[in-house]
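Reading the structure
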Amino acid sequence: MYQPLADLLRPTTLDEVYGQEHILGKGAVLRRLIDSGNIPNMVFYGPSGTGKTTVANIIAKQTNRTLYKLNATTASTADIKEIVAQLDTFMAPNGVLLYLDEIQSFNKKQQQSLLEHIENGKITLIASTTENPYFYVFNAILSRSTVFEFKQISASAALQAVRRAVAFMEQRTALTAVPEDGALEYIASSCGGDLRKAMNAVEVLFSAGIPENGKLPLTLADAKEVTQKSALRADRDGDNHYDLLSALQKSIRGSDPDAAVHYLARLLEAGQLPSACRRLMVIAAEDVGLAYPQILPIVNACVDMALKLGMPEARIPLADAAVLMATSPKSNSGYCAINSALDDVQKGKTGGFPRHLQNVHADTYTMEREQGYLYPHDYPNHWVKQQYLPDELVGTRYYEYGSNKMEQAAKQYWEAVKKEG
C-alpha cells in the first residue's frame, strides 16, 4: 500500500522534530513535561506541517497511553461519547490521550462535552489549532490547558529535512541524487514552513525524474515546477493573514522600505489585493498623518489606480505608496487625539453644547435672543478667543503637536496668532 514520504519520515523521537527548539530543545518546558511523563491538557497552536500531530504521537508512545485521534472538522459529540465509553476498561487502563485536531471547528457545546473528563484526568486532551486559541477555543478548555505555540519552520530547518528526505529516497530507489545548485534550497525556502509540502516535492522529483546511469538529476527548474505556490501562508480569515498586515504596517511605521515591499509582495502573491489596499490607506492616516498631510490623497490615488488596473500591474502603484510612506516623516498625533476623545466620550464625559456653538435656528425656539457667537473670519488672522469645549471639559487637551516640521510650523503659527489675540 502506498505510504506518503512525509508519513514514512515522520519523526519518532523529539530529537528528530525540526524547528521547534523553543519548546522541544534541551531544557525547554514542553520537553521537560514529556520527559517527566506527567502530561497536562495542552493546546498546540501553529501553522500546519510544523509537527503538532507528530509530537502528540511521540507523547503517546513515551507515556504508554492509548491514543485516539479526532478531527473536529468531521467528528461529532457521538465520537467523544464512544471514546468515553472505553474509559476504565481494558481498552484504556491508564486513561486516554485524545488528540483533537482543528479544535476551533468544534462549537461551544461540543467543546463543553469534554470538560468533565479532562477535569478528572481520565482523558488527557491535546488539542491542535491553526487559529489563535484565545479567540477560538472555549475559555473553560483554555483554563484547564497549557498552550504551546509551534512556530513556522525556518528555511534552514526545512533544508535539513529536505536533505534527509533525499537521502532516504536514494536508499529506497538505489539511485544517487545529483541536485543542481540551489534546487534543494529552493524547495526548503518555498515550502512556506510546511514540511509536508517539502517532503511531497522531494517525492515527486524522484518519481518524475529520469535516471542516467544510476544517477538522478534534481534540477532547479523541476524544483520550481513541483513546489506548490500555495505554500504562502495568507488565509484570508486566518492569523497569518493578519500577521502579514501587521508586519506591513509596522515596517512602514518603522521606516523600513525593504521590509514594507517584502510584506506587500507576500500579500499580493497570496491574492490579498483588497486587504493590502485597505491597510495602506489606514497607514497613511495613522502613521504618516499630519507630518505629511498630502500623503492621504496620494495613497488614495495609488489604491484607486491599483484597483482599476488589477494584478499584476497593481503592484506598481502600491509599491510606490508603501515606499513613499516608509520614507516619509511620521506622526500619529491625529490618531492619538481621536482615541483620547473617544475614550472620554465612551466614559460619558460629554456635557452640553456652549450656547454660542448651537445651531442658530435654536434661537427661534428659545427665550434667548442672542447666541453670543464670535465669527472668527471677522477678526485678524481669522481667529478670536472663545470657548468651544463643553463646560465640563474646558482645558482638556486631546491633540499634541508632533515633532515633525509640518506640525511644528503650525504650532509656531498658532502660538504667535493666539499671543497677539
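Here's what I pulled together on the structure shown here. What you see is a predicted model; the values in this text were computed from it and never measured.

To continue, consider the overall build of the protein. Looking only at helices and strands, one finds 20 helices and seven strands in the protein. For the protein, the C-alpha radius of gyration of 30 Å lies well beyond 22 Å, the compact-globule estimate for 421 residues. In terms of overall dimensions, the protein has a C-alpha envelope of 95 × 60 × 40 Å along the principal axes. Going through the 421 residues of the protein one by one, you find that 42% of them count as buried.

Once that is clear, we can look at helix 11 (residues 183-190). Of all the positions in helix 11, only Ala-183, Leu-184, Ile-187, Ala-188 and Ser-190 are classed as buried. Tucked inside the fold, the buried residues of helix 11 contact helix 10 (155-173), strand 6 (176-179), helix 12 (195-208), strand 7 (215-218) and helix 13 (220-226). One or two residues past the end of helix 11 sits Gly-192, with phi positive at roughly 70°.

This next bit is on the packing of helix 10 against helix 11. Where helix 10 contacts helix 11, the axes come no closer than 8 Å and their chain directions differ by 125°. With respect to their mutual orientation, helix 10 and helix 11 come out oblique. The way helix 10 lies across helix 11 gives a crossing that is right-handed. Residues Ala-155, Ala-158, Leu-159, Val-162, Arg-163 and Val-166 of helix 10 lie in contact with helix 11, whose contacting residues are Leu-184, Glu-185, Ile-187, Ala-188 and Ser-189.

Moving on, we get to the pattern of salt bridges. Counted according to the given criterion, the structure contains eleven salt bridges. Put simply, Asp-15, Lys-26, Arg-31 and Asp-35 are held in one network by salt bridges that share partners.

Here Pro-354 shows up in the loop between helix 19 (333-346) and helix 20 (405-420). Using a relative accessible area of 8% as the deciding quantity, one classes Pro-354 as buried. Sequence-wise, Pro-354 and Asp-391 are 37 residues apart; in three dimensions their C-alpha atoms are separated by 7.2 Å. When sequence neighbours within four positions are dropped, the list of residues in contact with Pro-354 reads Gln-387, Tyr-388, Leu-389 and Pro-390.

The description of an aromatic ring pair rests on the distance of the ring centres and on the angle between the ring planes. Under the defined criterion, the tally for this structure stands at three aromatic pairs. Plain terms: the ring middles of Phe-44 and Phe-150 are 4.9 Å apart, the flat faces sit at 50° to each other, and that makes the pair tilted. A residue pair is termed long-range when its members are at least 10 positions apart, and Phe-44 in strand 1 (residues 42-45) and Phe-150 in the loop between strand 5 (146-149) and helix 10 qualify at 106 residues. Comparing Phe-44 with Phe-150, the two get one shared label, buried. Each ring, one from Tyr-399 and one from Tyr-401, has its centre 5.0 Å from the other, and the planes form 75°; the classification is edge-to-face. Exposure remark for Tyr-399: the relative accessible area of 25% places this residue in the partly exposed category.

A separate point is the environment of Pro-293. Summarising the element assignment, Pro-293 is placed in the loop between helix 16 (273-288) and helix 17 (295-309). With 114 residues separating them along the chain, Pro-293 and Glu-407 place their C-alpha atoms 9.9 Å apart.

The next point concerns the side chain of Thr-227. Inspection of the secondary structure assignment puts Thr-227 in the loop between helix 13 and helix 14 (239-253). Given the relative accessible area of 13%, Thr-227 is considered buried. A polar contact of 2.6 Å, which involves the side chain of Thr-227, links it to the backbone oxygen of Ala-223. Once residues lying within four places of it in the same chain are set aside, the contact partners of Thr-227 are Tyr-186, Ile-187, Ser-190 and Ala-201.

How each quantity is defined
- Residues numbered from 1 in each chain as written.
- Predicted model: local features only at pLDDT ≥ 70, side-chain atom pairs only at ≥ 80, totals over all residues.
- Heavy atoms only, no water.
- Helix = DSSP H or I, 4+ residues; strand = E, 2+ residues; numbered from the N terminus.
- Rg over C-alpha atoms; globule rule 2.2 N^0.38 Å.
- Buried < 20%, exposed > 50% of the residue type's maximum accessible area, 1.4 Å probe, protein only.
- Contact = heavy atoms within 4.5 Å.
- Axes fitted to C-alpha atoms, helices over the stretch in contact; angles between N-to-C directions.
- Parallel < 35°, antiparallel > 145°, perpendicular 65-115°, else oblique.
- Left-handed = near helix turned anticlockwise from the far one by under 90°.
- Salt bridge = Lys/Arg side-chain N within 4 Å of Asp/Glu carboxyl O.
- Phe/Tyr/Trp six-rings, centres within 6.5 Å; stacked < 30°, edge-to-face > 60°.
- Polar contact = N/O pair within 3.5 Å; in protein donor to acceptor, adjacent residues only side chain to side chain.

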